[in-house]
Amino acid sequence: MDKGWNEERRFARFGQYRLVLEEAWRRNGMTNKQVAMATGRGPSLISKVKNGRANICADLRHQLIDLFELDRVRLFMAIEIVGNGMLYFDPAFKHVCHASMCFVQELLTLIDEDINPEHKALFAAFSEQTISSVAGQAGCEVTSRITAIIPALNHLGRRSQS
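Here is what the cut-offs are and how they apply
- Residues numbered from 1 in each chain as written.
- Predicted model: local features only at pLDDT ≥ 70, side-chain atom pairs only at ≥ 80, totals over all residues.
- Heavy atoms only, no water.
- Helix = DSSP H or I, 4+ residues; strand = E, 2+ residues; numbered from the N terminus.
- Buried < 20%, exposed > 50% of the residue type's maximum accessible area, 1.4 Å probe, protein only.
- Contact = heavy atoms within 4.5 Å.
- Areas by Shrake-Rupley, 256 points an atom, 1.4 Å probe, with all protein chains shown as cover.
- Arc of directions from axis to C-beta.
- Salt bridge = Lys/Arg side-chain N within 4 Å of Asp/Glu carboxyl O.
- Phe/Tyr/Trp six-rings, centres within 6.5 Å; stacked < 30°, edge-to-face > 60°.
- Lys NZ or Arg CZ within 6 Å of the ring centre and 35° of its normal.
- Axes fitted to C-alpha atoms, helices over the stretch in contact; angles between N-to-C directions.
- Parallel < 35°, antiparallel > 145°, perpendicular 65-115°, else oblique.
- Left-handed = near helix turned anticlockwise from the far one by under 90°.
- Nonpolar A, V, L, I, M, F, W, Y, C, P; charged D, E, K, R; others polar.

Draft legend 1. Quick look at the overall build of the protein chain. Of regular secondary structure, the protein chain possesses 9 helices and 0 strands. Taken over 162 residues, the protein chain has a buried fraction of 29%. Within the protein chain, contacts between residues separated by at least 24 positions form 49% of all contacts whose residues are at least 6 apart in sequence. Accessible area of the protein chain: about 10,800 Å², with a carbon and sulfur share of 57%.

Here's what the structure looks like:
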């Protein structure tokens, strides 16, 4: 892999973390002194970090994420997957992340069961429980709309098997 590209991507990711942490800090309303006391860092360093004049090391980044009570999964998805940290604060993105995590949780519960992978995937995608927990997060009667198409999918599945 191109080392320059990796460095560029790493720098962009750190910039996204900085933006999210600055916004969370603003929304939280904590003073520099309060953050310094909570993180065990000096007030001068905290001031420089907040004003973008000092880099945020990984340890401090994790401390700030905990201090501002940020959802690590949603933060990871916004920055590492989508590449836009400010999506973290978007209510629609929050719902999408929650629904995605419900889906993954449903898949993980099936791993231990003695079912072949194709059936696990179909079950996870179209079981009533999954539809209720995943699609239901989206609201707007998504559950009933998806449930309504299941008979048609079953019919197509039976036709393809014969």
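What follows continues from the structure just given.
Draft legend 2. Quick peek at the side chain of Glu 23. One can find Glu 23 in helix α1 (residues 3–28). Beyond its immediate sequence surroundings of up to four residues, Glu 23 is in contact with Met 86 and Phe 89.

Draft legend 3. Examining helix α4 (residues 58–67) more closely. Restricting attention to buried positions, one finds in α4 the residues Leu 60, Arg 61, Leu 64 and Ile 65. All buried residues of α4 fall inside an arc of 140° around its axis, so they share one side. Backbone geometry just downstream of α4 places Glu 69 in the positive-phi region, at approximately 55°.

Draft legend 4. Just the pattern of salt bridges, in detail. Applying the stated criterion across every chain, the model contains 7 salt bridges. Between Arg 10 and Glu 7 there is a salt bridge, with the nearest N and O atoms lying 3.2 Å from each other. Within this pair, Arg 10 and its partner Glu 7 are both found in helix α1, separated by 3 residues, close to a single helical turn. Using a relative accessible area of 37% as the deciding quantity, one classes Arg 10 as partly exposed. In this structure, Arg 13 engages Glu 80 in a salt bridge whose closest nitrogen and oxygen atoms are separated by 2.9 Å. Within this pair, whereas Arg 13 is found in helix α1, its partner Glu 80 is found in helix α5 (residues 72–82), the two being separated by 67 residues in sequence. For Arg 13, a relative accessible area of 24% translates into the label partly exposed.

Draft legend 5. Fine view of the packing of aromatic side chains. Inspection of the entire model under this criterion finds 2 aromatic pairs. Seen in terms of ring centroids, Trp 25 and Phe 68 are 5.8 Å apart; in terms of plane orientation they differ by 40°. Their pairing is tilted. Taken as a pair, Trp 25 in helix α1 and Phe 68 in the loop between α4 and α5 lie far apart in primary sequence, 43 residues in all. With 5.1 Å between their ring centres and 80° between their planes, Tyr 88 and Phe 89 make a pair best called edge-to-face. Exposure class is identical for Tyr 88 and Phe 89. Each is buried. The ring centre of Phe 14 lies 5.9 Å from the NZ or CZ of Arg 13, which sits over that ring. In this structure, Arg 61 is placed above the aromatic ring of Tyr 17, and the distance from its NZ or CZ to the ring centre is 4.8 Å.

Draft legend 6. The packing of helix α2 (residues 32–39) against α4, seen in detail. Closest axis-to-axis distance for the α2/α4 pair is 10 Å, and the angle between their directions is 110°. For the element pair α2 / α4, the angle class is roughly perpendicular. You can see that α2 and α4 cross each other, and the crossing is right-handed. Here Val 35, Ala 38 and Thr 39 of α2 lie close against α4, whose contacting residues are Leu 60, Gln 63, Leu 64 and Leu 67. Taken together, the residues of the contact of α2 with α4 sort by class into 5 nonpolar, 2 polar and no charged.

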